[in-house]
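In case you want the letters, here they are:
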Amino acid sequence: IAPCNSLLGNPTALRRLRETRGASLMSGAKNILDDWRNNHGIPRQVSGANFSVGNNLATTPGQVVFRNEVLELIQYENPRSNVYRRPVVMVSAMINKYYALDMTPDRSLVRHCLDQGLQVFVVSWANPQVEHAHWGIEHYGRAVAEALTAASDITRCDAVNLFALCSGGMAMSAMAAWLSARGDSPIHSMTIGVCMLEMAATDMEMSAFANEALYERVKKRSQKHGILRGHELETSILCMRPRDLIWSQVVNNYLLGEEPPEFDLLYWNNDWTNLPAALHADVIDMFSTGSLLEPGCMQFGDVPLDLTSVTCDKYFVAGRSDHITPWEACYRTASGFSGERRFVLSDSGHIQTLLNSPAKSRARFFRSDVMPDSAGDWLRCAETVNGSWWSDWATWLKERSGTMRRRPTRSGNRRYPGICAAPGTYVHQSSEFRE
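Residues numbered from 1 in each chain as written. Predicted model: local features only at pLDDT ≥ 70, side-chain atom pairs only at ≥ 80, totals over all residues. Heavy atoms only, no water.

With respect to the pattern of salt bridges
- Considering all chains together, one arrives at 21 salt bridges under this definition.
- Here Asp153 makes a salt bridge to Arg415, at a shortest N to O gap of 2.5 Å. A residue pair is termed long-range when its members are at least 10 positions apart, and Asp153 in helix H4 (residues 137-155) and Arg415 in the loop between strand S16 (404-406) and strand S17 (420-421) qualify at 262 residues.
- What makes Asp153 partly exposed here is its relative accessible area of 27%.
- For Arg415, a relative accessible area of 57% puts it in the exposed group. (Salt bridge = Lys/Arg side-chain N within 4 Å of Asp/Glu carboxyl O. Helix = DSSP H or I, 4+ residues; strand = E, 2+ residues; numbered from the N terminus. Buried < 20%, exposed > 50% of the residue type's maximum accessible area, 1.4 Å probe, protein only.)

Considerations on the sheet that holds strand S14 (residues 364-368)
- Spatially, 11 strands are ordered S15-S14-S13-S12-S7-S6-S4-S5-S2-S1-S17 in an open sheet, and the strand pairing comes out mixed. Strands at the two margins of the open sheet, each flanked by one partner only, are strand S15 (383-386) and S17.
- Relative to S17, strand S1 (residues 62-67) is paired through 2 bridges, and the arrangement is antiparallel. From the neighbouring strand, Val64 faces S17, where its bridge partner is Cys420.
- Packed on one face of the sheet, helix H5 (residues 166-182) meets strand S4 (88-91), strand S6 (160-165) and strand S7 (187-193) and runs near 140 degrees to S6.
- Docked against the sheet, helix H11 (residues 327-335) engages strand S12 (313-319) and strand S13 (341-346), running at close to 170 degrees with respect to S13. (Pairing = 2+ DSSP bridges. Contact = heavy atoms within 4.5 Å. Axes fitted to C-alpha atoms, helices over the stretch in contact; angles between N-to-C directions.)

Comments concerning the packing of H4 against H5
- Taken N-terminus to C-terminus, the directions of H4 and H5 make an angle of 70 degrees; their axes are 9 Å apart at the nearest point. With respect to H5, the axis of H4 lies roughly perpendicular. In this structure, H4 meets H5 at a crossing whose hand is right-handed. Facing H4, whose interface residues are Ile137, Gly141, Arg142, Val144, Ala145 and Leu148, H5 presents Ala171, Met172, Ala174, Met175 and Trp178.
- Across the contact of H4 with H5, the residue classes tally to 9 nonpolar, 1 polar and 1 charged. (Parallel < 35°, antiparallel > 145°, perpendicular 65-115°, else oblique. Left-handed = near helix turned anticlockwise from the far one by under 90°. Nonpolar A, V, L, I, M, F, W, Y, C, P; charged D, E, K, R; others polar.)

What about the nonpolar core?
- Counting 123 residues, the largest nonpolar core has Leu73, Met90, Val120, Met175, Phe343 and Trp393 as the members making the most contacts within it.
- When residues no more than four places from it in sequence are discounted, the contact partners of Met90 are Leu101, Leu109, Val110, Cys113, Val120, Phe121, Val122, Val123, Phe163 and Trp393.
- Among the nonpolar cores identified, the runner-up in size contains 7 residues, and Leu238, Val250, Tyr254 and Trp272 belong to it. (Core = buried A, V, L, I, M, F, W, Y, C linked by side-chain atoms within 4.5 Å.)

Comments concerning the packing of aromatic side chains
- Scanning all chains against the criterion turns up 16 aromatic pairs.
- Summarising the aromatic geometry, the rings of Phe163 and Trp393 are spaced 5.1 Å apart at their centres and angled 55 degrees between planes, so their arrangement reads as tilted. Taken together, the residues Phe163 in strand S6 and Trp393 in helix H14 (residues 389-398) connect sequence positions 230 residues apart.
- Residue classification places Phe163 among the buried positions, given a relative accessible area of 1%.
- With centroids separated by 6.0 Å and ring planes inclined at 55 degrees, the aromatic side chains of Trp327 and Trp378 adopt a geometry described as tilted. (Phe/Tyr/Trp six-rings, centres within 6.5 Å; stacked < 30°, edge-to-face > 60°.)

Re the side chain of Asn127
- As for its position among the elements, Asn127 is in the loop between strand S5 (120-125) and H4.
- Look past the residues within four positions of Asn127 in its chain and what remains in contact with it is Lys97, Trp272, Thr273, Asn274, Gln429, Ser430 and Ser431.

Observations regarding helix H6 (residues 212-225)
- If you check H6, its first and last C-alpha atoms are 20 Å apart, about what 14 residues at 1.5 Å a residue would give, namely 20 Å.
- Restricting attention to buried positions, one finds in H6 the residues Tyr215, Lys219 and Ser222. One face of H6 carries all of its buried residues, which in axial projection span an arc of 65 degrees. Exposed residues lying more than 90 degrees from the buried face of H6 are Arg217, Lys220 and Lys224.
- On its buried side, H6 packs onto strand S8 (227-228) and helix H10 (277-289). (Expected span 1.5 Å × (residues − 1). Arc of directions from axis to C-beta.)

Topic: unusual backbone geometry
- A cis amide bond, omega 10 degrees, links Ala422 with the succeeding residue Pro423.
- Positionally, Pro423 belongs in the segment after S17.
- The backbone of Arg21 sits at a positive phi, close to 55 degrees, despite the residue not being glycine.
- On the basis of relative accessible area, Arg21 is assigned to the exposed category, the value being 82%.
- Even without a glycine there, the phi angle at Cys166 is positive, about 50 degrees.
- Mapped onto the secondary structure, Cys166 falls in helix H5.

Some details on the environment of Ser288
- Topologically, Ser288 is positioned in helix H10.
- The exposure class assigned to Ser288 is partly exposed, which follows from its relative accessible area of 33%.
- Considered as a pair, Ser288 and Cys4 are 284 residues apart in the sequence and their alpha carbons are 37 Å apart.
- Engagement of the side chain of Ser288 in a polar contact is seen with the backbone oxygen of Ile284, the distance being 2.8 Å. (Polar contact = N/O pair within 3.5 Å; in protein donor to acceptor, adjacent residues only side chain to side chain.)

Considerations on the side chain of Asn31
- Among the secondary structure elements, Asn31 is positioned in helix H2 (residues 23-38).
- Once you skip the residues sitting within four places of it in the chain, Asn31 turns out to touch Asn253, Tyr254, Gly257, Glu258 and Glu259.

Below, the structure written as structure tokens:
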């Protein structure tokens, strides 16, 4: 109901209407029609005409060396002659395409790691369809466990460093507890970014509307359809910040008749993936009950999960202005584990925390290896560091990556030969239903 969100209440739009003799109104109407036809009625945030995955996004050279129904595992080519023996396996959120880790050459965490001499593998998720409604956290965790075995075999290393983000961190936390319970964990260290394992009533505005009845209704809806479509999930995220993520586009695209901007991050953010009903239910149950933080409350098959059994060294990253996974909730995630832990708080939002290249001159973060009970107490005793947490993390990770060796002369090995060039095939799968 803000006046500026309507044509008659927006002086800039009225002036543009006069200056263009009505052309801006015609362009705006064209944009509205295009969004209703081709974008599920959601105002476009970005023009994707000049972006292409594999051409100017996700361009780091590599090979898919392992594939199952859930994921492709990409091994990247090292530019240095010597590399660290122990690899890092990166796992992005299941609700997004992986290439936020390899956006553009100047903002690629993958390239940054390669430049540090690290061997890098990345998980690229399949885009689930209705027939995959049964894929839950356990299904994803077991699929990644197969990928860890492949990475370990290819590098001839008995353990790997695991890096997981957001919902990927949820699944990998559960998987790590499962592997620890089996007594054969291939995980040497874990890095978990912008990930919360429960949602408290004070964490965010949407918590005020959350109750058991709503949780059950939402789960039943996705179970009925078998899947939560990518654009439906995206809409719910947009509604967390409607002024910035919805109404600013309404004014720009519809009232002013302008084209949306070209921005690689927004292009990735609008490259939707689907959420299987089982995974959706698991995430809701985890948020509402904190089941993974309670030892034995959650299970993989008949194996009870206990995060305190995961004793490897851990590095946690959160964003101070993150509206999707509030940093206080991410701190509680870190508190649920045992072992040596470092918690780092980037002075930025959810995605900006990830794309925190050292090239950013104004970047800063807070760091402490001490983990008091309260997030507020942690912040008061944490040191402020100017620069990107990428540099701090790379130093921490290299200390846990073993000795140096000659770089591999080819991707994969006899057991896991190269299948196709990066970025692979799964990243191109559409979130739309197959007829």
